[in-house]
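Here are the chains, one letter per residue:
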Amino acid sequence: MMARMSSRRRLLCLAGLTAAGALLPSLARAQPDLSRPLGPTIAEAGSAFYRFERFALSSADGQRRYRVSLGIPRRSPPAAGHPAIVLLDGNAALAAIDEQQLQQLDAATPPLIVAIGYDTDLRFDVTARAYDYTPPLAAGQVDDEAARGRRGGGADGMLALIEQQVLPRVRGMAPVDADRLALWGHSYGGLFVLHTLFSGSSLFADYIAASPSLWWGRGVILQEEARFRAAAPVARRALWLMAGDSERRERPAAGTIRATPPGRAEMPPQALPELASRLRTVPGLTVELRILAGMSHGPMLPASLQLALRIAAGLVP
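This structure is a prediction, so every number in the text was calculated from the model and none was measured. Each chain carries its own residue numbering, running from 1 in the written order of its sequence. At least 70 in pLDDT is required for a residue's local features to be given in this predicted model, at least 80 for side-chain atom pairs to be given and counted, and no such filter applies to totals for whole chains, interfaces and linings, which use all residues. Heavy atoms from the whole structure form the basis of all side-chain values; hydrogens and water molecules are not counted.

Time to look at the overall build of the protein chain. Looking only at helices and strands, the protein chain has 10 helices and 8 strands in total. Note on exposure labels: buried denotes an accessible area under 20% of the residue type's maximum, exposed denotes more than 50%, and partly exposed covers the range between, all computed with a 1.4 Å probe on protein chains only. Counting only residues that meet the buried cut, the protein chain has 55% of its 317 residues in that class. We call two residues in contact when some of their heavy atoms are within 4.5 Å. Taking all contacts inside the protein chain whose residues are at least 6 apart in sequence as the whole, residues at least 24 apart take part in 76%. Here the Shrake-Rupley method, with its probe set to 1.4 Å, supplies the accessible areas, and only the displayed protein chains count as covering residues. Approximately 13300 Å² of the protein chain is accessible, and the part contributed by carbon and sulfur atoms is 52%. A run of H or I in DSSP counts as a helix once it spans at least four residues, and a run of E counts as a strand once it spans at least two, with each numbered from the N terminus.

Next comes the structure, spelled out in structure tokens:
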């Protein structure tokens, strides 16, 4: 996959910032609603291009229940198997996918869609994702989630669940090209994508982090990044970083706090571009940065997901 995509990526890389002003303009005005019911998704509505199957899993500690929806292309798989993309926040992700997008994927090499959601009728389980998607806490480090009545630090367990339970089940249901696996996440999910890459995982070929919560844990992910850059070169991998140009106000990462009105802190807009610049020095890692015009944090979920599905299908995003 990397060889096939490299020439496209060189053409697409515009020295840092790339705007996509025409993408989903109506979404730029939308506001996220974490309490919004899920409702019927493409998995229930049905598709001419995909069939959907579902299975359930539990976390190792029995505290979280997962609803995994697998979208299987109706066309025959390539000889090596289908490419595949793992989607975090699977309930909300499925709600953002429509038939037109699936038709576009069908015109290329449609990927398996592995949507890992929670067993809830809501789009998000904020308590469960706060634990599953955030990096481990160092000894003595204060858990940011405690102030919200939640726990953080369970990302390693989530990664183990994906590797040891989700993907083996998927491989038993459809042929998978192990060289064309992608991982997508938004916000806390984007943080999880970065943690997965920085942990040295070679499970995925494409790591797609949308609006990652770099501020979490006072910037603990930046410490992981420093260790990652200092380590040996990685196998050929691609990191796609995405954010909206209207995402201005964030919680602070270490060393990036600016004075703001009481109770608020701001992460400088250059935080993500600077991260991309540093990671471009890692041998074997291709880094693409996409800044989407007019997009704020919530609307970046469907906007980035549309691009991620195209990446998984081998299309220019």
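Time to look at the packing of aromatic side chains. Centre distance and the angle of the planes are the two values used to describe a pair of aromatic rings. Note on ring pairs: Phe, Tyr and Trp rings are taken, using the six-membered ring of Trp, and paired if centres are within 6.5 Å. Classes follow the plane angle, with under 30 degrees stacked, over 60 edge-to-face and the rest tilted. Inspection of every chain in the model, using the stated rule, returns 6 aromatic pairs. Measuring from ring centre to ring centre gives 5.7 Å for Phe-204 and Tyr-207, while their planes differ by 80°; the resulting arrangement is edge-to-face. Phe-204 gets classed as buried once you look at its relative accessible area, which sits at 1%. A positively charged side chain is recorded as over a ring if its NZ (Lys) or CZ (Arg) lies within 6 Å of the ring centre. The angle to the ring normal must also be within 35 degrees. Residue placement shows Arg-151 over the ring face of Tyr-131; its charged tip is 4.4 Å from the ring centre.

It is worth spelling out the sheet that holds strand S6 (residues 206–210) at this point. Two strands qualify as a pair provided DSSP detects at least 2 bridges between them. Pairing is mixed in the open sheet, where 8 strands are placed in the order S1-S2-S4-S3-S5-S6-S7-S8. The open sheet terminates on both sides in strands that have one partner only, identified here as strand S1 (50–58) and strand S8 (285–292). The mean angle between the axes of side-by-side strands here comes to 15°, regardless of whether they run parallel or antiparallel. The sheet contact formed by strand S5 (residues 176–186) and S6 spans 5 bridges and is parallel. If you follow Gly-185 over to S6, its bridge partner there is Ala-209. All axes here are fitted lines through C-alpha atoms, helices being fitted over the stretch that makes contact, and every angle between N-to-C directions spans 0 to 180 degrees. Sheet strands in contact with helix H7 (residues 188–198) are S5, S6, strand S7 (237–244) and S8, and its direction is about 135° off that of S5.

Among all positions of helix H4 (residues 99–106), only Gln-101, Leu-102, Leu-105 and Asp-106 are buried. Considered in projection along H4, the buried side chains sweep an arc of 145° and stay on one side of the axis. In this structure, the buried residues of H4 make contact with helix H2 (42–45), S1, helix H3 (90–96), strand S4 (112–118) and helix H10 (300–312). This arc is taken over the directions from the axis of the helix to the C-beta atoms.

Note on strand geometry: in a regular strand, side chains alternate between the two faces of the sheet. Taken across its 8 residues, S8 has 7 buried, putting it largely inside the fold. Relative to S8, S7 runs parallel, the two being bridged by 8 bridges. Pairing of Ala-238 across the sheet is with Thr-286, part of S8.

The next point concerns unusual backbone geometry. One non-glycine residue, Asp-89, lies in the positive phi region at around 50°. Tracing the backbone through its elements, the reader meets Asp-89 in the loop between strand S3 (82–87) and H3. For Arg-218, which is not glycine, the phi dihedral falls at a positive 55°. With respect to the helices, strands and loops of the structure, Arg-218 is situated in helix H8 (residues 216–230).

Attention now goes to the pairing of S7. Along S7, 8 of the 8 residues are buried, which leaves the element largely enclosed by surrounding structure. Residues Arg-237, Leu-239, Leu-241 and Ala-243 line one face of S7 and the alternating positions Ala-238, Trp-240, Met-242 and Gly-244 line the opposite face, and both faces are buried. Looking at chain direction, S6 and S7 are connected through 5 bridges and run parallel. Within S7, the position partnered with Asp-206 by the bridge is Ala-238. Looking down the strands as they point away from the viewer, one classifies a crossover as right-handed if the path from the first strand across the helix to the second runs clockwise. For the crossover from S6 across H8 to S7, the handedness is right-handed.

Along an α-helix, residues three or four positions apart point the same way, because every turn accommodates 3.6 residues. Looking at helix H9 (residues 271–279), one finds that the buried residues are Ala-271, Leu-272, Leu-275, Ala-276 and Leu-279. Summarising the axial view, the buried residues of H9 lie within an arc of 135°, below the 170-degree limit, and thus occupy one face.

At a closest axis distance of 10 Å, the pairing of helix H6 (residues 155–173) and H7 adopts a crossing angle of 80°. Of the possible angle classes, the one that applies to H6 and H7 is roughly perpendicular. Facing Ala-155, Asp-156, Met-158, Leu-159 and Ile-162 of H6, the residues of H7 in contact are Phe-192, His-195 and Thr-196. Classification convention: Asp, Glu, Lys, Arg as charged; Ala, Val, Leu, Ile, Met, Phe, Trp, Tyr, Cys, Pro as nonpolar; all other residues, Gly among them, as polar. When grouped by side-chain class, the residues that make up the contact of H6 with H7 number 5 nonpolar, 2 polar and 1 charged. An angle below 35 degrees is read as roughly parallel, one above 145 as roughly antiparallel, one from 65 to 115 as roughly perpendicular, and any other as oblique.

Before going further, it helps to examine the packing of H7 against H8. Here H7 crosses H8 at 30°, and the two axes come no closer than 9 Å. As summarised for this structure, H7 and H8 are arranged roughly parallel, according to the angle between their axes. Crossing of H7 over H8 shows left-handed handedness. Only Trp-216, Ile-221, Glu-224, Glu-225 and Phe-228 of H8 make contact with H7, whose side of the interface consists of Tyr-188, Leu-191, Leu-194, His-195, Leu-197 and Phe-198. In the contact of H7 with H8, the residues fall into 8 nonpolar, 1 polar and 2 charged. By definition, turning the near helix anticlockwise from the far helix through less than a right angle yields a left-handed crossing, and turning it clockwise yields a right-handed one.

Note on terminology: a nonpolar core comprises buried Ala, Val, Leu, Ile, Met, Phe, Trp, Tyr and Cys residues joined through side-chain atoms within 4.5 Å. Residues Ile-162 and Leu-241 are the most contacted members of the largest nonpolar core, which totals 58 residues. Per element, the largest residue contribution to this core is 8 residues, and it comes from H6. When sequence neighbours within four positions are dropped, the list of residues in contact with Ile-162 reads Val-86, Leu-88, Ile-116, Leu-167, Pro-168, Phe-192, Leu-203 and Phe-204. Leu-102, Trp-184, Trp-240 and Leu-309 belong to the second largest nonpolar core, which has 34 residues in total.

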